[in-house]
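Listed below, chain by chain, are the residues.
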Amino acid sequence: MAVKRLIYYPEDEAQLRKISRPVANLKNKNLKRLIQDLKDTLESQPGAAIAAPQIGALKRVVVVKFGQNDEAEEEPMLTLINPEIIEAGAPETGFDGCLSIPDIYTWDTPRPRWIRFRAIAEDGVEIVRRVEDMDARVIHHEIDHLDGVLFLDRLRDPDELYTPIPGENGKTKMVRLIDLPGLG
Ligand SMILES: [Zn+2]
């Protein structure tokens, strides 16, 4: 049980591109350890969710904190084993960020406005749930990780990437990567 080193883009891109395998045995000791490692690692990070391949385990397991929508209260961590999208609404362009791609954000990735998904909980019980807006974006982003897909792949405009830089009055402001001096 430990905080694991995250797998980062672009240095470890090859690992992030692999397809994760479904969990076959829910009683496996390694699965228990993996879930605890995912929770410990997410706890140590600012993100809303984490997928097993982000700590180097090619298993279809994600840990998510739903309740990311405006006015919602963040929920406790929920483990989703072998999550699958059953039904999804029309795509809407919105925010994305990734623990494996630090300090880079976008408002330009289309993802379904709502999603109905199925997964197995830690206790083996099937979960079927409908989530919307940011929560739908989060679960869609995490299932993408299980298939080796990164948010960068979904950008409508590849220039729509932002990074925070120090602004006025000690605040940070977001600037496009291509507008940074010395780059682009
Ligand atoms: Zn991510």
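Residues numbered from 1 in each chain as written. Predicted model: local features only at pLDDT ≥ 70, side-chain atom pairs only at ≥ 80, totals over all residues.

**Section: the nonpolar core**
Moving on, step 1. One finds Leu38, Ile50, Val62, Val64 and Ile139 to be the most contacted residues of the largest nonpolar core, which totals 34 residues.
Moving on, step 2. Secondary structure elements with two or more residues in this core: α2 (29-43), β1 (49-51), β2 (61-64), β3 (78-88), β6 (114-120) and α3 (133-146).
Moving on, step 3. Sequence-distant contacts of Val64, that is, excluding residues within four places in its chain, are made with Ala48, Ala49, Leu78, Leu80, Val138, Ile139 and Glu142. (Core = buried A, V, L, I, M, F, W, Y, C linked by C-beta atoms within 7 Å. Buried ≥ 20, exposed ≤ 12 C-beta atoms within 10 Å, placed from the backbone. Helix = DSSP H or I, 4+ residues; strand = E, 2+ residues; numbered from the N terminus. Contact = placed C-beta atoms within 7 Å.)

**Quick look at α3**
Count 3.6 residues to each turn of an α-helix, and residues three or four apart come out pointing the same way.
Moving on, step 1. End to end, α3 covers 21 Å across 14 residues, agreeing with the expected 20 Å (1.5 Å per residue, within 8%).
Moving on, step 2. Counting buried residues in α3 gives eleven out of 14 residues, a clear majority hidden from the surface.
Moving on, step 3. Among all positions in α3, only Asp135, Ala136, Arg137, Val138, Ile139, His140, His141, Glu142, Ile143, His145 and Leu146 are buried.
Moving on, step 4. With its phi angle positive at about 75 degrees, Gly148 sits one or two positions after the end of α3. (Expected span 1.5 Å × (residues − 1).)

**Some words on the environment of Asn69**
Moving on, step 1. Tracing the sequence through the fold places Asn69 in the loop between β2 and β3.
Moving on, step 2. Each C-alpha atom, one on Asn69 and one on Val131, is 9.9 Å from the other, the two residues being 62 residues apart in sequence.
Moving on, step 3. Apart from residues lying up to four places away in sequence, Asn69 is in contact with Asp133, Met134 and Asp135.

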